[in-house]
Amino acid sequence: MIATYNWLKEYVDFDLSPQDLADLLTMLGLEVEGMTSLGGGMDDVVVALIEERNQHPNADRLSLCRVNNGREVLEIVCGATNMKAGDRVALAQIGAVLPGDFKIKRSKIRGVESFGMLCSEKELGLAEESEGIMILPPDLQLGSPVFEALGLKDTIFEIGLTPNRADCLSVIGIAREIAAKLGKRVNYPKVAVGEGNQPITEIASVTIEDPHGCPRYAARYISGCKIGSSPEWLVSRLKAVGVRSINNVVDVTNYVMMEFGHPLHAFDYHFLQGGKIVVRKAGEGELFKTLDGQERLLKGTDLTIRDGERAVALAGVMGGQNSEISDATTDVLLESACFEPMTIRRTARRLGLHSESSHRFERGADIGTVPKALDRAAALIAELSGGVMARGSIDVYPGKKKPKQIPVRLARVNQILGTNLTAEAIRDIFHNLEFVLDPGEAGEFLVSVPSFRVDIEREIDLIEEVARLNGFENIPVTMPRARTFSDRPTRSQLLAQSLKQLLVANGLSEVITYSFIAPALYDRIGLASDDPRRAVVNLLNPLSDDQSVMRTSLLPGLLETASRNIGYRILDQRIFEMGRVFLKDGSEELPAEPTYIAGILTGARELEGWNQGKDCVDFYDMKGVVENILASLNIAKLSYESRDLDSFYHPGKACSVCSGSDIIGSLGEIHPDVQEAFGIEQRVYYFELNFDKLLHLCRDIATITPPSRFPDTFRDTAMLLDDEVPAAAVLGAIKGLKIGEIEDAAIFDLYKGASIPAGKKSLAVRVRYRSLERTLTDDEVNRLHQRVVDTLTSKYSAEIR
């Protein structure tokens, strides 16, 4: 928000210097981010009188003027032609510094010395363009600084506001804050509305079809307007606050918006069909051309101002080209309305159309200012354009609201602020803020909040107002009282940290990907159409389509990371992530949020080196990582089974990780089609484990078996089995015998070849025997091993080779 020192002084009588005022505003929470002095350091530019104007003796296009600055007569060489003897002009004397750091020096021009420069508005920074030098009013005192004599000396404040302070998006709003702090009253502008005889109800009508989007709409009619340039005072004031002058009618609406903080809009009445104003939502897909000449595609959620047939304005955002004020306009219908902030914000952001109007309505306009701003603007338009106002105004206010009343307790104020303020002091603060107080219960006020303070909703907001006006610097400094305690990490946190450290020790690096992903990624990883992970949680306001749903798997994020790294020629990757996924359950309002730990291996097994191998990682590297994780957790009844596998795995090169009958994860090679969808041309291996299940199954205390003092012995057996019999089933059958003397069983050979019948495979098993009590004899081992062989032959029809 931009405001000027002189404009603020019109509403509050204060004698603070610009710097003191800036400090006061900042301490009130209205941070002054910048100050610009108009006419500052330019006192050497003074009012002067041209006594004579003669032709330059050595140049046809130059004049030689004798100029009186009130103290002496100086000779000035000038190239302009619009001045004459007797004119008062702006004289930049020797030593003056003009905008652009242009310093005036004594100089010789075509053989004649010049002791200064006659200035134009452009050279003084008062206009972007100017023709000739600046001719001043004839009553100005000679020798007085030009900016001071014209009343242009001013200070511009650039104020940074927090989004909740919509009331300070106006000069009056800032003046109200100054007055409250200094204990003064605001001098609100007095409006004299001179009305004609014809009632406005015979000329125009207003209908609100969407009272939620537009709770109030008021209008006035001014006829016989003459569109032209605005007077200098209005142009200068608008320019000081960064608003470009357009014409006298539009300039008034901008002026009142900056003054009251309430946007207005002027329609050319002759373009309003039937003289009607209807406030309702746009039609879906409706096209509308705004004042900037852009054609906008509207949605059914966009609020529009319409006449009897079509849209003429985007409510609270921008007017339409089909009803704008032009040089031919004679009759004006002036709008002052209040719109619901969310409606305006949604339309403005979707269309990328941010305006001074939408900026204010998005933050909450004062519904009580609607008629005040309307009357102020209508009176100025009538005055500056020579128009006549119709009698009365239209003010449609279907759901009039009473002021909010909030109780505030004296004891609570002092408790929160650490002060000892009296009831009288607090009453004075609220009175200065123009809040109305009614008696409440003992030690309590009932505060009626004015409509311009849309940010005040609770008692704590009122306590903040007391803190601001009493002065943040007056809040006593105290050390907080606190008890120290040890916030020990939970079992889940400890386990998560332990697993991360384990994976890092296995050579993996942790990555963190977005929880928001694109729904198209589920097609790229090949999820079946009926896979429950396709039931995603959609974001209401996504940043982009690529981040519009919550992830149901960690795989898409890891594959995108791997693909991006490969694009950077990082071909060898070992990465993992631990994070939540979001799974919708039809019976629950909120999704389940289980935590998973997942990882990817791809590229070379070992770092490049003269003595290193060139093999790439394979299934067993990934299985080894998973086995290390599960071994560290002491999870019982582990098995790796080829059932219930996801479609993103390569068939025959993946398995589910089970504990008993419960699947706790999976691992394997990613399907070539999925790799291709992510632009990856090398094999990628993936694992994922349900961390919540691991937490439930892990055992903090491991079972330890003391080593035997007696020697071991082993027996090898090779057998023919059907291809469908998993090797894990063979080992499971051996362990299922529960022979105490069996220390270990392992597969040490697998063969398929010409000598093996079709549909068969040769599997060799080594069973190691050892007793904790004595040395086993060969006969004892042979009997035990025969039980193993008999079990395998009977259970799997194994043929011993």
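What this report covers is the structure whose coordinates are included nearby. Small disclaimer: the values here were computed from a predicted structure and weren't measured.

1. Quick look at unusual backbone geometry
Part 1 of the reasoning: Residues other than glycine seldom take positive phi values, yet Arg110 does so here, at roughly 50°.
Part 2 of the reasoning: For Arg110, the position within the fold is in the loop between strand S9 (107-109) and strand S10 (112-114).
Part 3 of the reasoning: Exposure remark for Arg110: the relative accessible area of 53% places this residue in the exposed category.
Part 4 of the reasoning: The phi torsion at Lys738 lies on the positive side, around 55°, for a residue other than glycine.
Part 5 of the reasoning: Position of Lys738 among the secondary structure elements: in the loop between helix H19 (727-736) and strand S40 (742-751).

2. Quick look at the sheet that holds strand S2 (residues 31-38)
Part 1 of the reasoning: Strand order across the open sheet formed by three strands is S1-S13-S2, with antiparallel pairing between neighbours. The open sheet has two edge strands with one neighbour each: strand S1 (2-4) and S2. Within the sheet, the average angular offset between the axes of one strand and its neighbour, ignoring direction, is 25°.
Part 2 of the reasoning: Looking at chain direction, S2 and strand S13 (residues 154-160) are connected through seven bridges and run antiparallel.

3. Observations concerning the nonpolar core
Part 1 of the reasoning: Ranked by size, the top nonpolar core spans 116 residues in total, and within it Leu8, Tyr217 and Ile305 carry the most contacts.
Part 2 of the reasoning: For Tyr217, the contacting residues outside a window of four places in its chain are Val206, Ile208, Phe267, Ile277, Val279, Ile305, Glu335, Ser336, Ala337, Ile394, Asp395 and Val396.

4. Focus on the sheet that holds strand S29 (residues 444-449)
Part 1 of the reasoning: With antiparallel pairing, the three strands of this open sheet are ordered in space as S27-S29-S28. Where the open sheet ends on each side, the last strands, each with one partner, are strand S27 (404-409) and strand S28 (436-439). Neighbour-to-neighbour, the strand axes of the sheet open up by a mean angle of 30°, direction not taken into account.
Part 2 of the reasoning: With six bridges joining them, S27 and S29 adopt antiparallel strand pairing. Bridge pairing in S29 links Gln405 to Ser448.
Part 3 of the reasoning: Running at roughly 5° to S29, helix H11 (residues 423-432) makes contact with S27, S28 and S29 of the sheet.

5. Focus: the pattern of salt bridges
Part 1 of the reasoning: All chains considered together, the criterion is met by 47 salt bridges.
Part 2 of the reasoning: Two residues, Lys281 and Asp210, come together in a salt bridge whose shortest N-O distance is 2.4 Å. Of this pair, Lys281 sits in strand S18 (residues 276-281) while Asp210 sits in the loop between strand S15 (205-208) and strand S16 (216-223), placing them 71 residues apart in sequence.
Part 3 of the reasoning: Classification of Lys281 by relative accessible area gives partly exposed; the value is 28%.
Part 4 of the reasoning: Across the pair Arg468 and Glu465 runs a salt bridge whose closest N-O atoms are separated by 2.7 Å. Here Arg468 and its partner Glu465 are both found in helix H12 (residues 459-470), three residues apart, which amounts to about one turn of the helix. For the pair shown, Arg468 and Glu465 are each scored as buried.
Part 5 of the reasoning: Salt bridges here are not isolated pairs; linked through shared partners, they connect Arg165, Asp167, Glu177, Arg453, Asp455, Glu465 and Arg468.

6. Considering helix H20 (residues 778-796)
Part 1 of the reasoning: Along its 19 residues, H20 runs 26 Å from first to last C-alpha, staying within 8% of the 27 Å computed at 1.5 Å per residue.
Part 2 of the reasoning: Buried residues of H20: Glu780, Val781, Leu784, His785, Val788, Val789, Thr791, Leu792 and Tyr796, and no others.
Part 3 of the reasoning: Just past H20, the residue Ser797 takes up positive phi, approximately 55°.

7. Describing helix H6 (residues 248-260)
Part 1 of the reasoning: With 13 residues, H6 should reach 18 Å at 1.5 Å per residue; the first-to-last C-alpha distance of 18 Å fits that figure.
Part 2 of the reasoning: Within H6, 13 of the 13 residues are buried, leaving the element largely enclosed by the surrounding structure.
Part 3 of the reasoning: Backbone nitrogen of Val249 and a side-chain oxygen of the N-cap are separated by 3.1 Å at the start of H6; the cap is Asn247.

8. A short note on the packing of H11 against H12
Part 1 of the reasoning: Where H11 meets H12, the closest approach of the two axes is 10 Å, and the angle between their N-to-C directions is 95°. Taken together, the axes of H11 and H12 are roughly perpendicular relative to one another. Contact with H11, carried on its side by Ile426, Ile429 and Phe430, involves Leu462, Glu465, Val466, Leu469 and Asn470 of H12 and no other residues of that element.
Part 2 of the reasoning: Tallied by class, the residues present in the contact of H11 with H12 amount to six nonpolar, one polar and one charged.

9. Here we look at the pairing of strand S39 (residues 713-722)
Part 1 of the reasoning: Sheet topology places S39 next to strand S41 (residues 760-769); 10 bridges connect them, and they run antiparallel. Residue pairing across strands places Ala718 opposite Ala764, the latter belonging to S41.
Part 2 of the reasoning: Alignment of S39 against strand S42 (residues 799-800), held across two bridges, turns out to be antiparallel. Within S42, the position partnered with Met719 by the bridge is Ile800.

10. Topic: the side chain of Glu577
Part 1 of the reasoning: Mapped onto the elements, Glu577 comes out in strand S33 (residues 573-580).
Part 2 of the reasoning: Side chain to side chain, Glu577 and Thr513 meet in a polar contact 2.8 Å long.
Part 3 of the reasoning: Those residues in contact with Glu577 that sit more than four places away from it in its chain are Val511, Ile512, Thr513, Arg551, Leu554, Leu558, Tyr596, Ile597 and Ala598.

11. Here we look at the side chain of Ser358
Part 1 of the reasoning: With respect to the element layout, Ser358 can be found in helix H8 (residues 356-363).
Part 2 of the reasoning: For Ser358, a relative accessible area of 0% gives the class buried.
Part 3 of the reasoning: What Ser358 contacts, discounting residues up to four positions off in sequence, is Gly316, Val317, Ile344, Ala348 and Leu353.

Reading guide: rules and limits
Residues numbered from 1 in each chain as written. Predicted model: local features only at pLDDT ≥ 70, side-chain atom pairs only at ≥ 80, totals over all residues. Heavy atoms only, no water. Helix = DSSP H or I, 4+ residues; strand = E, 2+ residues; numbered from the N terminus. Buried < 20%, exposed > 50% of the residue type's maximum accessible area, 1.4 Å probe, protein only. Pairing = 2+ DSSP bridges. Axes fitted to C-alpha atoms, helices over the stretch in contact; angles between N-to-C directions. Core = buried A, V, L, I, M, F, W, Y, C linked by side-chain atoms within 4.5 Å. Contact = heavy atoms within 4.5 Å. Salt bridge = Lys/Arg side-chain N within 4 Å of Asp/Glu carboxyl O. Expected span 1.5 Å × (residues − 1). Polar contact = N/O pair within 3.5 Å; in protein donor to acceptor, adjacent residues only side chain to side chain. Parallel < 35°, antiparallel > 145°, perpendicular 65-115°, else oblique. Nonpolar A, V, L, I, M, F, W, Y, C, P; charged D, E, K, R; others polar.

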